[in-house]
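Observations on the three-dimensional arrangement
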Amino acid sequence: MWDWIVNILFEILKLIQSFAVDWGLSIIILVLIVRLILTPLLLKSTKSTARMQVLQPKLMEIQERYADDPQRMNEEMQKFYSENKFNPFGGCLPLLVQMPILFALFTLLRDLPRYFSGESFSFFNILPDLTATPAGTFSQGIDVAAPYLIALVLFAVLTLIPQLVMARNQTGAQANTMRTTSIVMAIMMLFIGWALPAGVLLYYDVSTLWQVVQQLFVTQRVIDKAKAEEEARLADAPIEVDVVRRERKTRPHKKH
């Protein structure tokens, strides 16, 4: 299913490796290329998420007001989205775009020997074999497995950090739920990464590290600016009056 994306990434990686001196370095360069291409889309998604946080109280108000009338609720929410030019699925777009790329990268990095036969895959002296897994090296002793176990721990920790950074923009129960979910996800990553090739772990670690740095120095500013602009726009918006007309009762006629 992902063959055509795998082939494109294969050609890119082959081109990078033609001038890079190390396979691990080639994977890092590939990370930077993919991240740079996705950055505009991610920033757009970030703005959409920030707007959603500002509009959330209004949406909850609509849901509470028309809780007994689901059809009217849906109509009012669609009207609200239209008036505010907001796409509720805008924040999901980068994830939908990234998933095929991640699956294709997983296939390519997992099967490096098949795509590049006769090569020795290493990341300098840090990760001697990018096709090896933490599970496979663990039986060879802690000295051999240590760098792979470190890559595995980073795989989990670097999954946790971006989620905790995002949780700072939430409040109350929503923030607590996000933190709990993040911890559970990080633990799951330890089990998932146990059988992943080191090349996949390296790609993910570098990619997520990029995301963390971007969140701390760029994304938060984008969120704050988008929130301020949306709050200012709502403050200047005309006040809507929800008029509910009462049914006129028939007045009794006076008897003469």
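Rules used in this analysis
- Residues numbered from 1 in each chain as written.
- Predicted model: local features only at pLDDT ≥ 70, side-chain atom pairs only at ≥ 80, totals over all residues.
- Heavy atoms only, no water.
- Helix = DSSP H or I, 4+ residues; strand = E, 2+ residues; numbered from the N terminus.
- Buried < 20%, exposed > 50% of the residue type's maximum accessible area, 1.4 Å probe, protein only.
- Contact = heavy atoms within 4.5 Å.
- Areas by Shrake-Rupley, 256 points an atom, 1.4 Å probe, with all protein chains shown as cover.
- Axes fitted to C-alpha atoms, helices over the stretch in contact; angles between N-to-C directions.
- Parallel < 35°, antiparallel > 145°, perpendicular 65-115°, else oblique.
- Left-handed = near helix turned anticlockwise from the far one by under 90°.
- Nonpolar A, V, L, I, M, F, W, Y, C, P; charged D, E, K, R; others polar.
- Expected span 1.5 Å × (residues − 1).
- Arc of directions from axis to C-beta.
- pLDDT = per-residue confidence, 0-100.
- Core = buried A, V, L, I, M, F, W, Y, C linked by side-chain atoms within 4.5 Å.
- Phe/Tyr/Trp six-rings, centres within 6.5 Å; stacked < 30°, edge-to-face > 60°.
- Lys NZ or Arg CZ within 6 Å of the ring centre and 35° of its normal.
- Salt bridge = Lys/Arg side-chain N within 4 Å of Asp/Glu carboxyl O.

1. Some points on the overall build of the protein
- A count of helical and extended segments in the protein gives nine helices and zero strands.
- Reading the protein from its N end, one meets helices and strands in the order α-α-α-α-α-α-α-α-α.
- Across the 256 residues of the protein, 39% fall into the buried class.
- Sequence-distant contacts in the protein: of pairs separated by 6 or more residues, those separated by 24 or more amount to 71%.
- Of the accessible surface of the protein, which amounts to about 16600 Å², a share of 62% is contributed by carbon and sulfur atoms.

2. Some details on the packing of helix 2 (residues 23-65) against helix 3 (residues 70-83)
- Look at helix 2 against helix 3: their axes get within 9 Å of each other, and the N-to-C directions meet at 155°. If you check the angle between helix 2 and helix 3, you find them roughly antiparallel. In this structure, helix 2 crosses over helix 3, and the sense of that crossing is right-handed. Between helix 2 and helix 3, the residues in contact are Leu55, Lys58, Leu59, Ile62 and Gln63 and Met73, Glu76, Met77, Phe80 and Tyr81, respectively.
- Residue composition of the contact of helix 2 with helix 3, grouped by class: seven nonpolar, one polar and two charged.

3. Re helix 1 (residues 3-19)
- For helix 1, with 17 residues, the first-to-last C-alpha span of 25 Å sits near the 24 Å given by 1.5 Å per residue.
- Where helix 1 is concerned, the buried positions are Ile5, Val6, Leu9, Phe10, Leu13, Ile16 and Gln17. End-on view of helix 1: buried residues confined to an arc of 135°, all on one side of the axis. Opposite its buried face, helix 1 presents the exposed residues Trp4, Leu15, Ser18 and Phe19, each directed more than 90 degrees away.

4. So, the confidence of the model for the protein
- Mean pLDDT over the protein stands at 79; residues scoring 70 or higher make up 83%.
- At the level of individual helices and strands, the protein shows its lowest average pLDDT in helix 4 (residues 93-110), which scores 75, and its highest in helix 6 (residues 134-138), which scores 92.
- Considering only residues more than four positions removed or in separate chains, one finds that residues 241-249, a stretch of pLDDT under 50, has two contacts.

5. Some remarks on the nonpolar core
- Core analysis: the biggest nonpolar cluster contains 39 residues, and Leu13 and Leu130 have the highest contact counts within it.
- Among the secondary structure elements, those contributing two or more residues to this core are helix 1, helix 2, helix 4, helix 7 (142-167) and helix 9 (198-236).
- In terms of residue count, the dominant contributor to this core is helix 2 (seven residues).
- Among the nonpolar cores identified, the runner-up in size contains eight residues, and Leu55, Ile62, Tyr66 and Met77 belong to it.

6. Quick look at the side chain of Ser26
- Residue placement: Ser26 occurs in helix 2.
- Setting aside its immediate chain neighbours within four residues, Ser26 contacts Leu13, Ile16, Gln17 and Ala20.

7. Considerations on unusual backbone geometry
- With a phi angle near 50°, Phe124 is a residue other than glycine that sits in the positive phi range.
- With respect to the helices and strands, Phe124 occurs in the loop between helix 5 (112-115) and helix 6.
- We classify Phe124 as partly exposed; its relative accessible area is 43%.

8. Quick word on the packing of aromatic side chains
- Tallying each qualifying case throughout the model produces seven aromatic pairs.
- Where Phe10 meets Tyr115, the ring centres are 5.6 Å apart and the plane angle is 40°; that geometry is what we call tilted. Taken as a pair, Phe10 in helix 1 and Tyr115 in helix 5 lie far apart in primary sequence, 105 residues in all.
- Residue classification places Phe10 among the buried residues on the basis of a relative accessible area of 15%.
- Its end group placed over the ring of Tyr115, Arg114 keeps NZ or CZ at 4.8 Å from the ring centre.

9. Points about the pattern of salt bridges
- All chains considered together, the criterion is met by four salt bridges.
- The partner of Glu76 in a salt bridge is Arg72, with the nearest N and O atoms 2.9 Å apart. Placement of both Glu76 and Arg72 in helix 3 is noted, with a separation of four residues, approximately one turn of the helix.
- For Arg114, the salt bridge goes to Asp111, with nearest N and O atoms at 3.7 Å.
- Looking at Arg114, the relative accessible area reads 60%, which means it is exposed.

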